[in-house]
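# Examination of the molecular architecture
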Amino acid sequence: QVQLVESGGGSVQFGGSLRLSCLASGVFFSIDDMGWYRQAPGKQRELVASIARDGTVTYGDSVKGRFTISTENVANTVFLEMTSLKPDDTAVYYCTGLVATATWKQRYWGQGTQVTVSS
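Quick caveat: nothing in here was measured; it's all calculated off a predicted structure. Note that residues are indexed from 1 along each chain, following the sequence as it is written. Per-residue local features are limited, in this predicted model, to residues with pLDDT of at least 70; the limit for side-chain atom pairs, both in listing and counting, is 80 or more; totals at the level of whole chains, interfaces and linings are taken over all residues. As a convention, hydrogens and water are excluded, and side-chain values are obtained from all of the structure's heavy atoms.

## Overview of the state of the cysteines
Here is the rule we go by: We call a pair of cysteine sulfur atoms a disulfide when they lie within 2.5 Å. Each helix is a run of DSSP H or I of at least 4 residues and each strand a run of E of at least 2, with the numbering of both proceeding from the N terminus. Burial here depends on accessible area, computed with a 1.4 Å probe over protein chains only, as a share of the maximum for the residue type. Under 20% is buried, over 50% is exposed, and the range in between is partly exposed.
Considering all chains together, one arrives at one disulfide under this definition. Shown here is the disulfide that connects C22 with C95, its sulfur atoms set 2.0 Å apart. Sign of the S-S torsion, about -80° for the bond between C22 and C95, identifies this disulfide as left-handed. Separated by 73 residues along the polypeptide, C22 in strand β3 (residues 18-25) and C95 in strand β9 (residues 91-100) bring together distant segments of the chain. With relative accessibility at 0%, the residue C95 sits in the buried group.

Written out as structure tokens, the structure is:
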């Protein structure tokens, strides 16, 4: 059983910062990529940032230059440093990881953490 557990969400004012963390636990061989998606009310889930095992990083256009994704591979943890937050960043943020064993790969999702930015 693989679990992804997010922490660090909350409420912040316009221009503020937050740091999200996500810990992957369970029995697996490796994690091929980890990342963050978000979903605002009435909108589709969208990519925020992802990082592959080889270090390749991808950011959504709306967060480039403001958000930074990083990992602590030994601890199977991914972080999302969010700065210059805007009300449009308000959403539920979901952690995701592509987990591999010797015989299969499967994408897992966390339960989500709410981020609210007030103007």
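On we go.
## Things to note about the environment of W36
Locating W36 in the fold gives a position in strand β4 (residues 30-39). Judged by relative accessible area, which is 0%, W36 ranks as buried. Once the C-alpha coordinates of W36 and D54 are considered, the two residues, 18 residues apart in sequence, prove to be 17 Å apart.

## A few points about the environment of T58
For the record, the criterion: Contacts are assigned to residue pairs with any non-hydrogen atoms lying within 4.5 Å of each other.
Checked against the element boundaries, T58 lands in strand β6 (residues 57-59). Since its relative accessible area comes to 37%, T58 is described here as partly exposed. Setting aside its immediate chain neighbours within four residues, T58 contacts L47, V48, A49 and S50.

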